[in-house]
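# Structure assessment
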Amino acid sequence: DTAVSQTPKYLVTQMGNDKSIKCEQNLGHDTMYWYKQDSKKFLKIMFSYNNKELIINETVPNRFSPKSPDKAHLNLHINSLELGDSAVYFCASSHRLAGGANTGELFFGEGSRLTVL
Amino acid sequence: SQQGEEDPQALSIQEGENATMNCSYKTSINNLQWYRQNSGRGLVHLILIRSNEREKHSGRLRVTLDTSKKSSSLLITASRAADTASYFCATGGYTGGFKTIFGAGTRLFVKA
């Protein structure tokens, strides 16, 4: 069984469209994340949820809206897609450490490659 | 802004040689982690070293941490062609929320 699974793996769409990426983890983790990896391989955190509550929102345009229906799922919806949104989006999860820190080992999905034409 | 900066950006070695990658960071940290990413795949956690530790080993991996210099190194001994991948350091700590922030990565190519 895949620990962190994302769908779809590939997404090709036109500018201005709306698309969603889904993520599910079966590790029993409390915390889930979305990271964006650009063409130069820079990996940047976008959002973090703990037990369905948004705890990190890194100055991401409000066209990006994460949703966590339960602690095992974190979806990412993107409105009005732009060329610059083309990237690989990674979902990840982790345990919340003692003291509330969420900086332990991250488990990543295989990524969703979004191409905006 | 990126927290970690890896050096070198790319490294090409022969199978059997050792590979050393360095990482520098800017702010105080709770821990530092190294991840591996094969082409077209997700990142896989390799090793975590806490801020009060100086060295850690895992199989052919050796990680050092120097918090006074805000730097870390990853040594892969007796490299294999299968070690070809990108390696990322990531710092865990509190910077406006508990986050794990990644560097730009070192691309390692091991020639058979």
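Here is what the cut-offs are and how they apply
Residues numbered from 1 in each chain as written. Chains lettered and ligands numbered in written order. Predicted model: local features only at pLDDT ≥ 70, side-chain atom pairs only at ≥ 80, totals over all residues. Heavy atoms only, no water. Contact = heavy atoms within 4.5 Å. Buried area = accessible area lost by both parts, 1.4 Å probe. Salt bridge = Lys/Arg side-chain N within 4 Å of Asp/Glu carboxyl O. Polar contact = N/O pair within 3.5 Å; in protein donor to acceptor, adjacent residues only side chain to side chain. Helix = DSSP H or I, 4+ residues; strand = E, 2+ residues; numbered from the N terminus. Buried < 20%, exposed > 50% of the residue type's maximum accessible area, 1.4 Å probe, protein only. 1 Å grid on protein atoms, 1.4 Å probe; cavity = no way out; pocket = protein on both sides within 12 Å on 5 of 7 lines; lining within 4 Å. Points joined across faces, edges and corners; volume = space filled by probe spheres on them. Nonpolar A, V, L, I, M, F, W, Y, C, P; charged D, E, K, R; others polar. Disulfide = S-S within 2.5 Å.

## Topic: the interface of chain A and chain B
The interface of chain A with chain B comprises 21 residues on the first partner and 21 residues on the second. Between chain A and chain B the total buried area reaches about 1900 Å² when both faces are included, carbon and sulfur atoms providing 54% of it. At the junction of chain A and chain B, the tally comes to two salt bridges. With a closest N to O distance of 2.3 Å, Glu-110 of chain A and Arg-41 of chain B form a salt bridge. Here chain A and chain B share six residue pairs in polar contact (both at pLDDT 80 or more) between them.

## As for unusual backbone geometry
The linkage connecting Thr-7 of chain A with the following residue, Pro-8 of chain A, adopts the cis geometry, with an omega of 0°. Structurally, the position occupied by Pro-8 of chain A is in the loop between β1 (4-7) and β2 (10-13). The amide bond that connects Asp-7 of chain B to the next residue, Pro-8 of chain B, takes the cis arrangement and shows omega of 0°. Among the secondary structure elements, Pro-8 of chain B is positioned in the loop between β1 (5-7) and β2 (10-14). At Lys-52 of chain A, a position not held by glycine, the phi torsion is positive, near 75°. Relative to the elements of secondary structure, Lys-52 of chain A occurs in the loop between β5 (43-50) and β6 (53-57). One non-glycine residue, Ser-80 of chain A, lies in positive phi territory at about 45°. Along the chain, the position of Ser-80 of chain A falls in the loop between β8 (73-78) and β9 (87-94).

## Points about the environment of Asn-22 of chain B
All names here are of chain B. Relative to the elements of secondary structure, Asn-22 occurs in strand β3 (residues 19-24). Separated by 66 residues in the primary sequence, Asn-22 and Phe-88 have C-alpha atoms spaced 9.8 Å apart. Not counting chain neighbours up to four residues away, the residues in contact with Asn-22 comprise Glu-5, Glu-6, Asp-7, Trp-34, Ser-72 and Ser-73.

## Things to note about the pattern of salt bridges
Side chains bearing opposite charge may pair, as long as their charged atoms lie close to each other. Residue and element names in this part refer to chain B. According to the stated counting rule, one finds nine salt bridges over all chains in the structure shown. Between Arg-36 and Asp-83 there is a salt bridge, with the nearest N and O atoms lying 3.9 Å from each other. Of this pair, Arg-36 sits in strand β4 (residues 31-37) while Asp-83 sits in the loop between β8 (71-76) and β9 (85-94), and the two are 47 residues apart along the sequence. Comparing Arg-36 with Asp-83, the two get one shared label, buried. Taking the shortest distance from any N to any O, the salt bridge between Arg-60 and Asp-83 comes out at 2.9 Å. Here Asp-83 lies in the loop between β8 and β9 and Arg-60 lies in the loop between β6 (55-58) and β7 (61-66), a separation of 23 residues in the sequence. Among the residues examined, Arg-60 registers a relative accessible area of 24% and is labelled partly exposed.

## With respect to the layout of surface pockets
Residue and element names in this part refer to chain A. Reported here for the second largest pocket is a volume of approximately 200 Å³. Lys-36, Lys-44, Met-46, Val-60 and Pro-61 are, among the 13 residues lining the second largest pocket, the residues nearest its centre. Examining the composition of the lining of the second largest pocket, we find that three residues originate from one element, β5, more than from any other. For the lining of the second largest pocket, the class distribution of residues is six nonpolar, one polar and six charged.

## Things to note about the side chain of Thr-106 of chain B
Residues and elements named next belong to chain B. Structurally, Thr-106 can be placed in strand β11 (residues 106-111). Polar side-chain contacts of Thr-106 include one of 2.5 Å to the backbone oxygen of Pro-8. Those residues in contact with Thr-106, other than ones at most four positions away along the chain, are Glu-6, Asp-7, Pro-8, Gln-9, Ala-10, Leu-11, Met-21, Ala-85, Ser-86 and Tyr-87.

## What about the state of the cysteines?
Residue and element names in this part refer to chain A. Counted according to the given criterion, the structure contains two disulfides over all chains. Between the sulfur of Cys-23 and that of Cys-91 lies a disulfide, 1.9 Å long from S to S. One quick way to see it: the torsion about the S-S bond of Cys-23 and Cys-91 is about -80°, and its sign makes the bridge left-handed. Taken together, the positions of Cys-23 in strand β3 (residues 19-25) and Cys-91 in strand β9 put the pair 68 residues apart, joining distant regions of the chain.

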